[in-house]
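Below are the chains, spelled out letter by letter.
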Amino acid sequence: MTNNSSIAVIGGGITGLTAAHKFQKMGLHYEVFEKNSLPGGAIKTVKSGLWQVEYGPNTMLLKDKIVKKFLEETGAIGEKVTANKNAEKRYILKNGRLEALPGSATEALKTSLFSLKGKLRVLAEPFISKSNNPDQTVAEFAERRLGEEILDYAINPFVAGIFANSPDALSLRHAFPIMHNLEQEYGSLIWGSLAGAKKRKESGRITRELISFSGGIGQLPTAIASTLDNIHLNTEILSIEKKLDGWHLFSNKKQYGPFNSVVLNTPLYKWNTDFLSIEKEQMEKIQSVYYPPLSVFCLGFRKDQVSHPLDGFGFLVPEKEKRSILGALFSSTLFDKRAPAGHHLLTVFVGGGRQPKLATLETEKLLPIVLDELTDIIGLDGEPVFRDHIFWPKSIPAYHVGYDEILQVFNAIEDQNPGLYLAGNYRHGISVPDCILNGLKLADRVAEG
Ligand SMILES: Cc1cc2nc3c(=O)[nH]c(=O)nc-3n(C[C@H](O)[C@H](O)[C@H](O)COP(=O)(O)OP(=O)(O)OC[C@H]3O[C@@H](n4cnc5c(N)ncnc54)[C@H](O)[C@@H]3O)c2cc1C
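The structure reproduced in this document is the subject of the present report. (Residues numbered from 1 in each chain as written. Predicted model: local features only at pLDDT ≥ 70, side-chain atom pairs only at ≥ 80, totals over all residues.)

Let us look at the site of the ligand. Taken together, 36 residues sit near the ligand, with G11, G13, T15, G41 and P57 positioned nearest. Elements with a contribution of two residues or more to the shell around the ligand: α1 (14–26), β15 (294–302) and α16 (432–448). In terms of residue class, the shell around the ligand is built from 16 nonpolar, 16 polar and 4 charged. (Near = placed C-beta within 6 Å. Helix = DSSP H or I, 4+ residues; strand = E, 2+ residues; numbered from the N terminus. Nonpolar A, V, L, I, M, F, W, Y, C, P; charged D, E, K, R; others polar.)

Direction vectors running N to C along α1 and helix α10 (residues 219–226) enclose 30 degrees, while the axes themselves pass 9 Å from each other. The orientation of α1 with respect to α10, classified from their angle, is roughly parallel. As for how α1 packs across α10, the hand of that crossing is left-handed. Facing I14, L17, T18 and H21 of α1, the residues of α10 in contact are P221, I224 and A225. Taken together, the residues of the contact of α1 with α10 sort by class into 5 nonpolar, 2 polar and no charged. (Axes fitted to C-alpha atoms, helices over the stretch in contact; angles between N-to-C directions. Parallel < 35°, antiparallel > 145°, perpendicular 65-115°, else oblique. Left-handed = near helix turned anticlockwise from the far one by under 90°. Contact = placed C-beta atoms within 7 Å.)

Further remarks concern the sheet that holds strand β12 (residues 246–250). Strand order in the open sheet formed by 3 strands is β11-β12-β13, and the pairing between neighbours is antiparallel. Every other strand in the sheet has two partners, leaving β11 (239–243) and β13 (255–259) as the edge strands with one partner each. On average, each strand axis in the sheet is tilted by 20 degrees relative to the strand beside it, whichever way the strands run. For β12 and β13, the ladder comprises 3 bridges, and the chain directions are antiparallel. Residue pairing across strands places F250 opposite Q255, the latter belonging to β13. (Pairing = 2+ DSSP bridges.)

Okay, the pairing of strand β18 (residues 343–351) next. Burial analysis of β18 places 9 of its 9 residues in the buried class, the great majority of the element. Relative to β18, β15 runs antiparallel, the two sharing 9 bridges. Within the sheet, the bridge partner assigned to C298 lies in β18 and is T347. Pairing geometry for strand β17 (residues 327–329) and β18, over 3 bridges, is antiparallel. Bridge assignment links A328 to a residue of β18, and that residue is V348. (Buried ≥ 20, exposed ≤ 12 C-beta atoms within 10 Å, placed from the backbone.)

Here's what the structure looks like:
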């Protein structure tokens, strides 16, 4: 690609912004088109008086040198905040009570979260042979290697916390490739983790840090966008078309182009055949990717309203407990300045793939259900002094068993449409750091032409 070439980035989510930042650094001409008035897509921080709440992601796990360097280049690193030390404890609900997840081998032996039988079953893990199934569900994998109890009281809530979904709805290889690789490479999660830890030390990987930014995680897209010269906000692209002179983009007011390349960073459920001319079967496959609905409640309470010390990251609720919430983050314990002095901020998640209908209830119906659960679980007394309800009709793409087929469709679309590049959380990872890494890789791919 030459310096005269031009690139359109449709969608100012974290992947598109990252790619655009790299284009700018490479001296390539690009333009970003974002439908909303703010960049960031799923990443959104909202301030209301002294409350600072997250509508989408709350934290990002910084463990990669490349991501750290990117944060330095964008200037975002200057505002980085690390999760408070007292937020390390993670709770799981068991038999109606919050129990801390063990943080060390000694704690694992002592914990009452798992029975003796469950613990012995984990110790047998290295002796379980590896699966021949190339695409197993997370649930099949966890039950076979670690036993039913770990599946129910560790893996099930963990998957709800990351994907807002259930372990039997996701492919291990696509959703948790690290676990898949540990089994394939080392034949055991336990041996693989020990060997991996040694390797990580030797390769000088950076110490893992759970981070946000002083102004919330929304400060990241804002920082990236402030480095970009060419970003059109409030500009929804309604269709894209390849003509003889290149790619043309159409909004309801204007036509843009021609561009040599187009990076498509819009969620899959936004695609249709009016927007992009691809084969009907390809579109049908793409539309089969499920994004479960999710409700997020940001709730503020006076400290004297909550009997639990909220001394941790938050809690997760296993499906077996038959509750109406997936879990909650203790947001004001996690980071400072999220709530006024003397108050707690909680972020509660409802619905997902586990209870999709529940997520869709309107605030006045759902809030009392959430408050009842909090009353029971953390000893809440009374009404919130602050509340905000965010409904995600389509939250996070589920990498289902058979997702290879979807990835093949993406490859085929790119092969059939030279100059078109597909990038977002629907491909190779949903976390913010994964999207950053994918945005950087994509920029290199576009530059190479
Ligand atoms: C509730 C929730 C909690 C999460 N928690 C975490 C977490 O704690 N940690 C973590 O690492 N990850 C978390 N994630 C995942 C992560 O935030 C997302 O996977 C990631 O931000 C998605 O980025 P993306 O690049 O795919 O773009 P998206 O965020 O999907 O952005 C796409 C952009 O395209 C724009 N757009 C759409 N159509 C058009 C059009 N036609 N024209 C122009 N623009 C268009 C949209 O307005 C949007 O800005 C969470 C996600 C959600 C929903």
